[in-house]
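# Observations on the model geometry
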Amino acid sequence: MKSKFLLGWFISILQSLSSVALLATSAWLLSRADQRPSVMYLSIAVVGVRAFALGKAFFRYSERLVLHDATFRKATFMRTAIYEKLVDRAPIGLSGNTMGSLLNTLVNDTEEALNLDLRYRPALIQSIAVSVAGACIYLWLVPQYAWLMILVLAFGAGLTYFGSRQNIATNLRKLSELRSELSELTTVLVSRSKVIRAYGWQNRSNEMLNKLSEQVSKTELRLANSSGLLQSFIAMAMYLTILAAVLVSSASGTLLPGEQVAVLVLLPLAIFEYLQALPNAFQARFKAEVAIDRLEELRNAQISSELISGGEIQLDHFERMSLNDVTVRYPDGQLVKLPNFEMRSSESLALVAKSGAGKTTLANVLVGFIRNNEGNFKLNDSSIASYHPNSLRKVIGLVEQQPIILAGTVRDNLLLANESATDQELITVLHEVNLWQMLEARNGLETEVGAYGSSLSGGEIQRLALARNFLAKRELIVLDEPTSSVSREQGLSLVKQFVVLAKERRVSIILITHDRELAKLAGRLVEF
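Please read all numbers here as calculations on a predicted model, not as lab measurements.

### Things to note about the overall build of the protein
In terms of regular secondary structure, the protein is built from 16 helices and 10 strands. Counting the 528 residues in the protein, one finds 47% classified as buried. Here the analysis covers contacts within the protein between residues at least 6 apart in sequence; of these, 81% occur between residues at least 24 apart. Working note: accessible area of the protein is about 26,800 Å², and carbon and sulfur atoms make up 58% of it.

Written out as structure tokens, the structure is:
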């Protein structure tokens, strides 16, 4: 990957040098042709103009091809690495991050960090290359005045750098924070759109969204205005360089040939074509620095001791489970005591507690997301901490209060559990959870579920989540308040069907709920 970036940057140098050579050769050719020399005398310059023009276009396309290919590969690697880090820290390790900030980091900050190699370094390298080439030409033609040209070039570059840094330092982090807030608000509004419409909160929600969008737009506008101002200063520096070239040509001790004067006067146009890109390049650099800092903060965040550490034993089946005097201590000091119970394979167990008693904490402990600080939690007679986390996920499944449904088709969401499943297997499991009749009337496995399952009802989402666990052949399924999104009558019917299906498949079920009537549907009940 690094070699591709180096190749792309080298090609960008060839492109910029071709541009300078093209303009210098064209200026010499036009001026010299006006003197009507022999055509044979001009043929070399004509060939040079064509070669440099073709070279500029070829190298420009090649640079884009190589650098973008390397950038896309790096983006895949970076996003995968960040996602793996987030998975290791979930759920408690992400409690200090909002959904918006995580999305902003995973998407926007990653893109900004990539611009360091794609937008900043090529532009800087090209600017240095054309400036050095231009300085060499001035040293060759008018060595006694070349320092003046170099001084003007250095002034334009320095003004761009310090002007950009001052502008970015005050606005960039604010813009990043505002974008995180906007991502969070947008996510909430989309995922809760049904509730917002039902209670008539659209106007208030739109006001909040418009206000935040306006703040983002104003901050972006300030950045854009500053960039435009800097580009105008660079244009002014270009005209000063051209004026200096004219003065140098007229003030030199000996009269310069017309073709040399043309080169001296027109050469700054080619040089400043690349210097004009420096304001945006420096902005890309400073944005990348802020993004990299945010990525490093996320990557280097300490993993809480409450997160499961994971051992090396591979769990391949479920026989029994027992909890005795288990407690969980959160980073803020909150202590949650969990119930004592035992269960065996193919059993259905209901754990009942009031709201706020730690039901979700219990669910996270049971599937190995959170490590217990005290007490004994044994799985198949071994501590749960001794099992490898990935093997736990293969045997123990979780159906959350609000299951994760990805935008796409029913088939896409089911194949997350078993990529090799055939269509017939998918249809069979949908029959079992009583979804196929509804889906068949729509578009079958190709039915679009919408963002967050927006085209499905709460009960249908729960059934789809259960179907995924069945496809994954999990032997123990934890149901965390599975009826929170449906009516009481629907909830009773839903859980009753889940228990029957689990018994038929010889799958163990732990139902976590606050509803005693619902809990009675399980084979055994434990209160805490």
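### Here we look at helix α15 (residues 488-504)
The end-to-end C-alpha distance of α15, which contains 17 residues, comes to 24 Å, matching closely the 24 Å that a straight helix rising 1.5 Å per residue would cover. Tucked into the core, α15 has its buried residues touching β4 (348-352), α12 (423-432), α14 (458-471), β8 (476-480), β9 (508-513) and α16 (516-519). Taken from the residues just after α15, Arg506 is the one with a positive phi, measuring 55 degrees.

### Some points on a nonpolar patch on the surface
A contiguous nonpolar patch, built from Leu229, Phe233, Met236, Leu240, Leu243 and Leu247 and spanning about 540 Å² of accessible area, is present on the exposed surface. Along the polypeptide, Leu229 turns up in helix α6 (residues 202-251).

### Examining the sheet that holds strand β10 (residues 524-527)
If you walk across this open sheet you meet the five strands as β7-β8-β9-β4-β10, and the pairing is parallel. Every other strand in the sheet has two partners, leaving β7 (396-399) and β10 as the edge strands with one partner each. Within the sheet, the average angular offset between the axes of one strand and its neighbour, ignoring direction, is 20 degrees. Of the pairings in the sheet, the one linking β4 to β10 comprises four bridges and is parallel in character. When the bridges of β10 are listed, Leu349 appears paired with Arg524. With respect to the sheet, helix α9 (residues 359-366) is in contact with β4, β7, β8 and β9, its orientation differing from that of β9 by roughly 160 degrees.

### So, the side chain of Glu460
Position of Glu460 relative to the elements: it lies in helix α14. Filtering out sequence-adjacent residues up to four positions away, Glu460 remains in contact with Leu435 and Met438.

### Observations concerning the pattern of salt bridges
When charged atoms on two side chains of opposite charge get close, those side chains can pair. According to the stated counting rule, one finds 18 salt bridges in the structure shown. The partner of Asp381 in a salt bridge is Arg320, with the nearest N and O atoms 2.8 Å apart. Within this pair, whereas Asp381 is found in the loop between β5 (374-379) and β6 (382-383), its partner Arg320 is found in strand β1 (residues 320-329), the two being separated by 61 residues in sequence. Residue classification places Asp381 among the exposed residues on the basis of a relative accessible area of 54%.

### Topic: the side chain of Gln462
Looking at where Gln462 falls in the secondary structure, it is placed in helix α14. Among the polar contacts listed, one links the side chain of Gln462 to the backbone oxygen of Gln401, at a separation of 3.0 Å. Residues in contact with Gln462, not counting those within four places in the same chain, are Val399, Glu400, Gln401, Pro403, Pro482, Leu494 and Phe498.

### Topic: α12
Within the sequence span of α12, burial applies to Leu426, Ile427, Val429 and Leu430. Projected down its long axis, α12 shows its buried positions confined to an angular sector of 165 degrees, all on one face. Turned more than 90 degrees away from the buried face of α12, the exposed residues are Gln424 and His431. Each element contacted by the buried residues of α12 is listed here: α11 (410-415), α13 (436-440) and α14. A positive phi of about 65 degrees marks Asn434, the residue just after α12.

### As for the environment of Lys354
With respect to the element layout, Lys354 can be found in the loop between β4 and α9. Residue Lys354 is classed as exposed on the basis of its relative accessible area, which comes to 68%. On a C-alpha basis, the gap between Lys354 and Phe528 in space is 8.2 Å, while along the polypeptide they are 174 residues apart.

### With respect to unusual backbone geometry
Phi angles above zero are rare outside glycine, and Asp325 is one such case at about 55 degrees. In this structure, Asp325 sits in strand β1. Residue Ser346 is not a glycine yet carries a positive backbone phi of 70 degrees. Along the chain, the position of Ser346 falls in the loop between β3 (341-344) and β4.

About the thresholds
- Residues numbered from 1 in each chain as written.
- Predicted model: local features only at pLDDT ≥ 70, side-chain atom pairs only at ≥ 80, totals over all residues.
- Heavy atoms only, no water.
- Helix = DSSP H or I, 4+ residues; strand = E, 2+ residues; numbered from the N terminus.
- Buried < 20%, exposed > 50% of the residue type's maximum accessible area, 1.4 Å probe, protein only.
- Contact = heavy atoms within 4.5 Å.
- Areas by Shrake-Rupley, 256 points an atom, 1.4 Å probe, with all protein chains shown as cover.
- Expected span 1.5 Å × (residues − 1).
- Patch = residues over 30% accessible without salt bridge, like charges linked within 9 Å, V, L, I, M, F, W, Y side chains within 5 Å.
- Salt bridge = Lys/Arg side-chain N within 4 Å of Asp/Glu carboxyl O.
- Pairing = 2+ DSSP bridges.
- Axes fitted to C-alpha atoms, helices over the stretch in contact; angles between N-to-C directions.
- Polar contact = N/O pair within 3.5 Å; in protein donor to acceptor, adjacent residues only side chain to side chain.
- Arc of directions from axis to C-beta.

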